[in-house]
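# Chains, contacts and geometry: an overview
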Amino acid sequence: MQGLTTFEQIAVYAILGVALLGLAYAIYLRAQILRESKGTAKMQEVWGWIKEGADAYLARQLRSILPLIVVLTIALFFSVYIVPPTPEALERFEGTSPDTVRLIIGIARALAFVMGAGFSLAVGQIGMRMAVEGNVRVAAASRKSFGDALRIAYRAGTITGMLTDGLGLLGGTLIFIILGIAAPDALLGFGFGGTLLALFMRVGGGIFTKAADVGADLVGKVEQGLNEDDPRNPAVVADLVGDNVGDCAGMAADIFESYEVTIVSGLILGLALWHVTGRLEWIIYPLIVRGIGVISSIIGTYVVRAPDEGGDAMSAIFRGFLSSAVISAVLFFIAGFIYLNNAAMEQWGGWWRAPLAVGVGVLLAIVIDRLTEYFTGTHGAPVKDIKKGADTGPATLILQGLSAGYESSVWSVVVIALTIGASIFIFGTIPGIDEAQRVTFVLYGVAMTGIGMLTLTGNNVAMDSFGPIADNANGIGEMAWSGMEDAETKKAQQTMADLDAVGNTTKAITKGVAIGSAVIAAVALFGSFLVDVSRAQAGLGIAAAQQISAIGIRVDIPQVFIGMLIGGALPWLFSSFAIQAVSRASALIVLEARRQFRLGVLEDKVKPDYRQAVSISTSAAQKELVGLALLGILTPIVVGLLLQVEALGGFLAGIIVSGQLLAVFMNNAGGAWDNAKKLIEDEPRNPAKNTGKGSERHKAGVVGDTVGDPMKDTAGPALNPMIKVVNLVSVIVAPIVVQYARATGLEQVVIWVVIAALIGVLAWAIARSKAPAPELKQ
C-alpha cells in the first residue's frame, strides 16, 4: 500500500470487501439450494451412487498430485536464489540485505503457489459437490415447473462462479496489499499454482468423463439400442460421475486459473507502466474492474428466469449474461472517469483508454459466445448440416463436423486478432512515447481486454456448471422414472431433455470463452516475459539496444524458428496422449459392459455392477496426471536452457497459435456432433423412415458424438491450462536462462547435466503416457 492516496487505499480495501461479498453470496445460494426437495427415494438412491463415485475420484486424484505440488513448492522457493532480487523487491524492503530479501520473496512465492493451488482445488471440489447437490433437486423440480428447474440449475452453478470470483479477487488483492510493488514475484507463484491444479483437474476429469461416456454410448446405444441413461447399462453411473468431475470440477478450476492469470499479467504489466509513468493507476484500475464484475454477476443471476410452463432456457441465460455485461461496461467507464480523469493521466493519453480496452474484452466475450453458439447450437446451420449428414452414414456426418470445427477456428482467431488490433489502436496511438514504451502500453491493453473478457466469470462458470447439472438431472430422471408413462413424468422428461440440450451449448460457449481468454492471457504473459527478460538483461549490463524488448523475437534466427516449431507441436502431442487414454479406457468399459450383459443384466437376471466402470475410468485418469503435467512444465525449461531465451520466446509464439487453433477446432467440432445427435434423438421414432432413437441415423449420430467426446471434453479444454502453464513457467525461468546464458566451466557442466536429466524425465513421461495403466492391463 506504499505510495497510495487515501482514495486508492479505500478502493483497495473496498475491492477486498467485494471479494468477501462474492464468497458470502455463494454461501447464501448454497443455503437456498439445499432447502429444495430431493425428490423420491429412488431418485436419491441414484443420486447417492453419483455422489459416492465423484467424492471417491476426487480424493484419489488429490493423493496422486500432492507429491508433485510439494516438490514444486520447494523448487519455487529456491528459484529466487538463482538470480539477484528484482529492483522492486529491494525497494519494497529497503534497508534489508539482499539475502533477506531473497528469503522473503522465496517464502512469498512458495506460499502464493500453495494459495493459488489451494484456491483452485477449493473452487473445483466445492463447485462439484454443489453441482451434485443441485442435480437431484433440478430433477425433482422438473416434475412441477420448468422455471424452477432452470432457476435451481443456474443458481447451483452460480455458487461455483461466485467462489471463482471471490477467491481469485481475494488472492490477488491480498498479495498486492502485502507486497506492493514486489507483488509480481509472488503473483507468478499464485497464477502457476492455480493453473497447475486446473491442468490436473482438467486432464483427470476429462479422461474420466469421456472414457465412461464413450464406453456407455458405444455399448449401450449402438450395440444394444438402449436409451441415454438406461439403468441396465453398467457404465451409466460412471458417465454421470464423469459429468461432475470433468465439466464441474475441471472447468471450474480451469476458469478460475484464467481469472487468476489475467489479473497476474495485468498487474505485472501495470507495474511496468508504473516504471514508465510513475502512476499507480495502471495497477489499481484492474482490481477495480474485477470488483465491478463480481457485483454485475450477482445482479445478472436474478435476470435468469423462465415461465413455469416452459420457455427458451438459452435466451434466459443469455439475457442474464447480457444484463451483467451492460451493467459492467457502464460502471467501467464511470469508475474510469472518476479515478483516471486527472492531469497526470492526461499526459499518458487520457482516462478513456483503459476503460475502452476493458469494454472491448467484454465485447469479445459476447462475440465468442454468439460465434460458439452458431457453430454448436441446435438452431445453427452447421449442426443442422451435420444432422443431414447422418442420412448417408457416420462418415459423412463426421466429415461435416470436421469442416464446421475447422471453420470455427478461423473465425475465432479473426475475432481475437481484431481484439489485439483494437488494443493497438487504443494504446498504440498515445502521443509522445517511444517504440519500447508503445509495446508495453499495447500489451497492457491486451491484458485489460483479458480482464474485461473474464469480468463476467460468475456468469460464465454458472453457464458451464448448468450443463452437467442438467445432464445429471436428466440421467437421474431417466433411471429413477424408468417404466413410468404418466403425463407428469413425460412433461418432466421433456423439461430435462430441453435443459440438457441447452446445457450442451452453454458448455461449448464457456469452453470457447475459456480458450479465447487463454490466448489473450498468453499474449499478455508473453508481454510479461519480454519485460522480465529485458530487466534481467539490463541487470547483466546488456545495452538497451541489445535487449529483447528492443530487437524482438526474430524468426529468421534458426534457434528461434526451432523453438517455434517445438512450441507448435507440443499441443498436438499433449492432445494425442489425452485421447489415447480415453480410447484405451473406453474400450475396456465396452468389454466390461459386454461381460455383464452376458451374465443377464439386460434380462434383469442380475443387477449391473456400476463400480467396475467407475474403477476403470479412475485408473485411466490417474495415470495421465503427472506425465501430461510434466510435458507442460519441463519442455519450456529444456528449450530455454538448450536454445536460449530468444528461442523460448519463439516457443511461446508457436504454442499460442497452434494451441488456439487446435483447441477451438476440437471444442466446437465435438459440441456440434453432440447436438446433432440430440436433434436426431428428438425426432419421432419411426423405423420405416429411419428417424429417432434406435435408427441407423441415430447410430451414425452416436458414432460422431463419441468421436467428438474426447476432443471437446478432454483434449480441447485441457489445452487451455496447458498453454498457460507453459507461459508461466517460461516467465519464471526466463531470468534464470538469461543469467546463465554465458556460463562457462563448472556452471556449464551443471547446466548440461540438468538438461540431460530433464530430457530423461520428459522421455519417462512420454513413455508412461503411451502405456496403459497396470491395473487396466489386468
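Anything mentioned here points back to the structure above.
Residues numbered from 1 in each chain as written. Predicted model: local features only at pLDDT ≥ 70, side-chain atom pairs only at ≥ 80, totals over all residues. Heavy atoms only, no water.

## Focus on the overall build of the protein chain
What counts here: A run of DSSP states H or I qualifies as a helix once it reaches four residues; a run of E qualifies as a strand once it reaches two. Both are numbered from the N-terminal end. Throughout, radius of gyration means the C-alpha value; the globule benchmark is 2.2 Å times the number of residues raised to the power 0.38. Burial classes: relative accessible area under 20% of the type maximum marks a residue as buried, over 50% as exposed, and values in between as partly exposed (1.4 Å probe, protein chains only). Contacts were defined at the residue level, with two residues in contact if any of their heavy atoms lie within 4.5 Å. Areas reported as accessible are Shrake-Rupley estimates using a 1.4 Å probe. Residue values count occlusion only from the protein chains shown. This count recognises Lys and Arg as positive and Asp and Glu as negative, with His and chain-terminal groups excluded. Charge positions come from single atoms, namely NZ of Lys, CZ of Arg, CG of Asp or CD of Glu.
Scanning the protein chain for helices and strands turns up 23 helices and 0 strands. Computed over its C-alpha atoms, the radius of gyration of the protein chain comes to 26 Å, within 12% of the 28 Å expected for a compact globule of 778 residues. Projected onto the principal axes, the alpha-carbon positions of the protein chain cover approximately 80 × 55 × 45 Å. Taken across its 778 residues, the protein chain has 65% of its residues classed as buried. Relative to all contacts within the protein chain whose residues are 6 or more apart in sequence, the contacts with residues 24 or more apart total 85%. In the form shown here, the protein chain has an accessible surface area of approximately 26200 Å², with 65% of it arising from carbon and sulfur atoms. Considering the protein chain, the positive charge centre built from 57 side chains and the negative charge centre built from 63 side chains are found 4 Å apart.

## What about the pattern of salt bridges?
Under the convention used in this document: Salt bridge, as used here: a side-chain nitrogen of Lys or Arg that lies within 4 Å of a carboxyl oxygen of Asp or Glu.
According to the stated counting rule, one finds 30 salt bridges in the structure shown. Measuring nitrogen to oxygen at the nearest pair gives 3.9 Å for the salt bridge that ties glutamate 52 to arginine 611. Separated by 559 residues along the polypeptide, glutamate 52 in helix 2 (residues 41-79) and arginine 611 in helix 19 (residues 610-643) bring together distant segments of the chain. Across the pair aspartate 148 and arginine 151 runs a salt bridge, and its minimum N-O distance is 3.7 Å. Placement of both aspartate 148 and arginine 151 in helix 5 (residues 146-179) is noted, with a separation of 3 residues, approximately one turn of the helix. On the basis of relative accessibility, which here comes to 30%, the residue aspartate 148 falls in the partly exposed class.

## Description of the packing of aromatic side chains
Here is the rule we go by: Each Phe, Tyr or Trp ring (for Trp, its six-membered ring) is paired with any other whose centre lies within 6.5 Å, and the angle between the two planes then decides the class: stacked below 30 degrees, edge-to-face above 60, tilted in between.
Following the criterion strictly, the structure yields 21 aromatic pairs and no others. Between the aromatic rings of phenylalanine 77 and tyrosine 81, the centroid separation amounts to 5.8 Å while the plane-to-plane angle is 55°, which identifies the pairing as tilted. Between tryptophan 348 and phenylalanine 441, the aromatic rings sit 6.1 Å apart at their centres with planes inclined by 25°, giving stacked as the arrangement. In this pair, tryptophan 348 sits in the loop between helix 10 (343-346) and helix 11 (353-376) while phenylalanine 441 sits in helix 14 (residues 435-453), placing the two residues 93 residues apart along the sequence. A relative accessible area of 12% places tryptophan 348 in the buried class. On the accessibility criterion, phenylalanine 441 (0% relative accessible area) is buried.

## Concerning the nonpolar core
What counts, and what does not: Here, nonpolar core refers to any group of buried Ala, Val, Leu, Ile, Met, Phe, Trp, Tyr and Cys residues whose side-chain atoms link them within 4.5 Å.
By size, the foremost hydrophobic cluster in this structure holds 266 residues, and its most contacted members are Phe192, Phe200, Tyr285, Phe427, Phe466, Leu499 and Phe529. Broken down by element, this core gets its largest block of residues, 22 residues, from helix 7 (residues 236-277). Non-local contacts of tyrosine 285, meaning those with residues more than four positions away in its chain, are made with Phe332, Ala335, Gly336, Tyr339, Leu340, Ala354, Pro355, Val358 and Met448.

## Overview of a nonpolar patch on the surface
Selection rule: Patch criteria: residues need more than 30% relative accessible area and no salt bridge. Like-charged residues are merged within 9 Å; nonpolar side chains of Val, Leu, Ile, Met, Phe, Trp and Tyr are merged within 5 Å.
A contiguous nonpolar surface patch, about 710 Å² in accessible area, is contributed by Phe7, Leu322, Val326, Val330, Leu331, Ile334, Phe337 and Ile338. Take the nonpolar patch: its biggest share by element is 7 residues, from helix 9 (residues 313-340). With respect to the secondary-structure elements, isoleucine 338 resides in helix 9.

## Observations regarding the environment of valine 601
Position of valine 601 relative to the elements: it lies in the loop between helix 18 (558-598) and helix 19. Given a relative accessible area of 1%, valine 601 falls into the buried group. Along the sequence, valine 601 and aspartate 185 sit 416 residues apart, while their C-alpha atoms lie 58 Å from each other.

## Structural notes on the packing of helix 5 against helix 9
Here is the rule: Between the N-to-C directions of two axes lies an angle of 0 to 180 degrees, each axis being a line fitted to C-alpha atoms and, for a helix, fitted only over the stretch in contact. Angle categories are assigned with fixed cut-offs, so that under 35 degrees is roughly parallel, over 145 is roughly antiparallel, 65 to 115 is roughly perpendicular, and the rest are oblique. In this scheme the crossing of two helices becomes right-handed for a clockwise turn of the near helix relative to the far one and left-handed for an anticlockwise turn of less than a right angle.
At their nearest, the axes of helix 5 and helix 9 sit 11 Å apart, and the two run at 45° to each other. Taken together, the axes of helix 5 and helix 9 are oblique relative to one another. In the crossing of helix 5 with helix 9, the sense of the turn from one axis to the other is right-handed. Taken together, the residues of helix 9 that come into contact with helix 5 (itself represented by Phe146, Leu150 and Tyr154) are Ala313, Ala316 and Ile317.

## Things to note about helix 14
How we decide: In this analysis, the expected span of each helix is defined as 1.5 Å times one less than the number of residues it contains. Polar contacts, as counted here, are pairs of nitrogen or oxygen atoms within 3.5 Å of one another; within protein the pair requires one atom able to donate a hydrogen and one able to accept it, and residues that are adjacent in sequence qualify only if both atoms are side-chain atoms.
The terminal C-alpha atoms of helix 14, which comprises 19 residues, lie 27 Å apart, in line with the 27 Å expected from a rise of 1.5 Å per residue. The buried count for helix 14 comes to 14 of 19 residues, which makes it a mostly enclosed element. For helix 14, the N-terminal capping position is held by aspartate 434, with its side-chain oxygen 2.8 Å away from the main-chain nitrogen of glutamine 437.

## A short note on the environment of leucine 34
Examined against the element boundaries, leucine 34 turns out to sit in helix 1 (residues 6-34). Note: C-alpha distance between leucine 34 and methionine 130 (96 residues apart in sequence) is 9.1 Å. Beyond its immediate stretch of four places on either side in the chain, leucine 34 contacts Glu133 and Arg137.

## Points about the packing of helix 7 against helix 16 (residues 487-539)
The condition is simple: Residue polarity is assigned by list, with Asp, Glu, Lys and Arg as charged and Ala, Val, Leu, Ile, Met, Phe, Trp, Tyr, Cys and Pro as nonpolar; anything else, Gly included, falls into the polar class.
Contact geometry of helix 7 with helix 16 gives a least axis separation of 9 Å together with a crossing angle of 30°. In this structure, helix 7 meets helix 16 at a crossing whose hand is left-handed. Taken together, the residues of helix 16 that come into contact with helix 7 (itself represented by Asp247, Met251, Asp254, Ile255, Ser258, Val261, Thr262, Ser265, Ile268, Leu269, Ala272 and His275) are Lys507, Thr510, Lys511, Ala514, Ser517, Ala521, Ala524, Leu525, Gly527, Ser528, Val531 and Arg535. Taken together, the residues of the contact of helix 7 with helix 16 break down into 11 nonpolar, 8 polar and 5 charged.

## Description of unusual backbone geometry
Backbone geometry places aspartate 604, a non-glycine residue, at a positive phi of 65°. Examined against the element boundaries, aspartate 604 turns out to sit in the loop between helix 18 and helix 19. With a phi close to 80°, glutamine 644 is a non-glycine residue in the positive phi region. Its location among the elements puts glutamine 644 in the loop between helix 19 and helix 20 (645-681).

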